[in-house]
Amino acid sequence: MSLSLEETVERLLKGEGLEVTELHFAPEQKKPVTRKNTSFAVCAVIFNSKNEVLLIQEAKAVCLGSWYLPAGRMEDGESIEESLKREVKEEAGIDCQPITLLQIQEKGPSWIRFAFLAEKTGGSLKTPEAANADSLQAQWYDRESLPKNIRKRDILTLIDAGMRYRQSPWFSELQPVDFPCDVVCQRLLLAFTSSDANPENGDEERIWLLLSNDSQLPVAASVEAQTLAFTAKKLVKNCMPSIYEQLSVNTCGILGVQHNGRAPGQTDGVCLNNLVLLEYKEEEEISLNSPPKPENAGFKWHEVTNQSLRTEILQKIQEGSVLPVQSI
């Protein structure tokens, strides 16, 4: 049974997934990124009862002896969660369970890493006697006493994010959901809000969502050598070319991650359900009480009239209660 638009949006706001049935936008003259020309990786941020973080010592020749979070590339046929558990077991010697996705790190769609906050559920820390090609050993470290020879300092933001989430979560726990997709793409919850509402006068802020002409949230393919935020910008530029330079396309963060790795080359792409805010850069001489008119017949605006749904979307935008994306 097909879902109504309100049901669709509600599912996405809860971190749930939806089947990808078509691409509404794919940049011309460029092929969408697939699993064959991208790299998916995982990373684990795990703390013990003393609030110490788990690090592993690298065994690879290029970074021999340096320290890093348990991390590695996903293998063919794996789900994201399966990959996480395997990497932690191989590198740190322990079993783990993911608590939530913590951050998505990317170098464009050609390299995406899914960083998790996770917890130890069993096993023992890898000792130097068990050193192999995966790692030399694993140890717990206090945040203020990390080893000096960290392989890359990009993990410091992840460790700090994990500590912050444990103290005060700013978004609901989020796990990848099992939906197949053959490319790297984004389903865009692309919103425009009115800026002239005055709550003191009882005015309510209005909100519109960009839809495809068949009333679906648009699904856009990602292309190589561009950040994930570029996908939404490219769609807006295609949809509203004459006014694009006056617009600001802001990626708020990820509402959900969809992946199924069981059939390499067929179902092992990824769909990121992305919350995006469209705004005007300049307020002078521009009406801010309605969104810019689409110039592409394939898209249209839909005003959200359901009050609870409108409140929920605005809250996500204003509070930033979404999974963050970091370009590194």
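Caption draft 1: Seen up close, the overall build of the chain. What the chain contains, in helices and strands, is 5 helices and 14 strands. By its C-alpha atoms, the chain is 70 × 45 × 40 Å across when sized along the principal axes. Within the span of the chain, comprising 328 residues, buried residues form 52% of the whole. Sequence-distant contacts in the chain: of pairs separated by 6 or more residues, those separated by 24 or more amount to 74%. Only carbon and sulfur atoms are counted for the fraction: they give 44% of the accessible area of the chain, which is about 15,400 Å².

Caption draft 2: Representation of the layout of surface pockets in the model. By volume, the largest pocket amounts to about 420 Å³. Lining the largest pocket are 20 residues, with Tyr68, Gly72, Trp111, Arg113 and Arg151 positioned closest to its centre. Contributing elements (two or more residues each) for the lining of the largest pocket: β1 (39–46), β4 (71–73) and β6 (111–123). For the lining of the largest pocket, the per-class residue count stands at 10 nonpolar, 1 polar and 9 charged.

Caption draft 3: Inspection of helix α3 (residues 154–167) at higher detail. Compared with the 20 Å implied by 1.5 Å per residue over 14 residues, the 21 Å span of α3 between its first and last C-alpha is a close match. On its buried side, α3 packs onto β1, β2 (53–57), β3 (67–68), β5 (94–106) and β6.

Caption draft 4: Region of the structure containing the sheet that holds strand β14 (residues 325–327). Taken in spatial order, the 5 strands of this open sheet run β4-β1-β6-β5-β14, and their pairing is mixed. In this open sheet, the two edge strands, each paired with only one partner strand, are β4 and β14. Neighbour-to-neighbour, the strand axes of the sheet open up by a mean angle of 35 degrees, direction not taken into account. With 3 bridges joining them, β5 and β14 adopt parallel strand pairing. Note on β14: the bridge partner recorded for Ile104 is Val325. Set on the sheet, α3 makes contact with β1, β5, β6 and β14; between it and β5 the angle comes to about 115 degrees.

Caption draft 5: Main features of the sheet that holds β2. Strand order in the open sheet formed by 3 strands is β3-β2-β7, with antiparallel pairing between adjacent strands. Looking at which strands have only one partner, the edges of the open sheet turn out to be β3 and β7 (137–141). The pairing of β2 with β3 spans 2 bridges and is classified as antiparallel. Within β3, the residue paired with Gln57 across the bridge is Trp67.

Caption draft 6: Looking closely at the nonpolar core. Leu55, Leu69, Phe114 and Val257 are the most contacted members of the largest nonpolar core, which totals 53 residues. With 7 residues, the top contributor of residues to this core is α3. Counting 21 residues, the second-largest nonpolar core is a separate cluster that includes Trp208, Leu247, Tyr280 and Phe299.

Caption draft 7: Highlighting helix α1 (residues 5–13). Turning to α1, its buried residues are Leu5, Thr8, Val9, Leu12 and Leu13. Taken around the axis of α1, the buried residues stretch over an arc of 130 degrees, which confines them to a single face. Its buried side turned inward, α1 meets β8 (181–193), β9 (207–212), β11 (247–259), β12 (268–280), β13 (299–303) and α5 (307–319). At the C-terminal side of α1, Gly15 shows a positive phi close to 85 degrees.

Caption draft 8: Seen up close, the packing of aromatic side chains. In total, this model carries 8 aromatic pairs according to the counting rule given. Ring centres of Phe192 and Trp208 lie 6.0 Å apart, and the angle between their planes is 55 degrees; this geometry places the pair in the tilted category. One end of the pair, Phe192, is in strand β8; the other, Trp208, is in strand β9, and 16 residues separate them in sequence. Accessibility classification places Phe192 together with Trp208 in one group, the buried group. Joined through ring pairs, the aromatic side chains of Phe192, Trp208, Tyr280 and Trp301 make up one cluster. A cation over an aromatic ring shows up here: Lys107 above the ring of Trp111, its NZ or CZ 5.2 Å from the ring centre.

Conventions adopted
- Within every chain, residues take consecutive numbers counted from 1 along the sequence as written.
- In keeping with the model being predicted, local features are shown solely for residues with a pLDDT of at least 70 and side-chain atom pairs are shown and tallied solely at 80 or more, while totals for entire chains, interfaces and linings include all residues.
- Calculation of side-chain values draws on the structure's entire complement of heavy atoms; hydrogens and water are dropped beforehand.
- Helix and strand assignments come from DSSP, with helices taken as H or I runs of at least 4 residues and strands as E runs of at least 2, each series counted from the N terminus.
- With a 1.4 Å probe rolled over the protein chains alone, any residue whose accessible area is under 20% of its type maximum counts as buried; one over 50% counts as exposed, and the rest are partly exposed.
- By definition, residues are in contact when any of their heavy atoms lie within 4.5 Å.
- Areas reported as accessible are Shrake-Rupley estimates using a 1.4 Å probe. Residue values count occlusion only from the protein chains shown.
- Cavity and pocket criteria rest on a 1 Å grid covering protein atoms alone: a 1.4 Å probe that fits but cannot get out defines a cavity, protein on both sides within 12 Å along at least 5 of 7 lines defines an open pocket, and an atom within 4 Å of a point defines a lining residue.
- Grid points are joined across faces, edges and corners, and a volume is the space filled by probe spheres set on the points.
- Note that Gly is not counted as nonpolar here; it falls among the polar residues with everything else outside the nonpolar set of Ala, Val, Leu, Ile, Met, Phe, Trp, Tyr, Cys and Pro and the charged set of Asp, Glu, Lys and Arg.
- In this analysis, the expected span of each helix is defined as 1.5 Å times one less than the number of residues it contains.
- Think of it this way: DSSP has to see at least two bridges between two strands before they count as a pair.
- Only C-alpha atoms enter the line fits that serve as axes; for helices the fit covers just the stretch in contact. Angles between N-to-C directions range over 0 to 180 degrees.
- To form a nonpolar core, buried Ala, Val, Leu, Ile, Met, Phe, Trp, Tyr and Cys residues must be joined to one another through side-chain atoms within 4.5 Å.
- In this description, the arc belongs to the directions extending from the helix axis to the C-beta atoms.
- Note on ring pairs: Phe, Tyr and Trp rings are taken, using the six-membered ring of Trp, and paired if centres are within 6.5 Å. Classes follow the plane angle, with under 30 degrees stacked, over 60 edge-to-face and the rest tilted.
- The criterion for a charge sitting over a ring is simple: Lys NZ or Arg CZ within 6 Å of the ring centre, and within 35 degrees of the ring normal.

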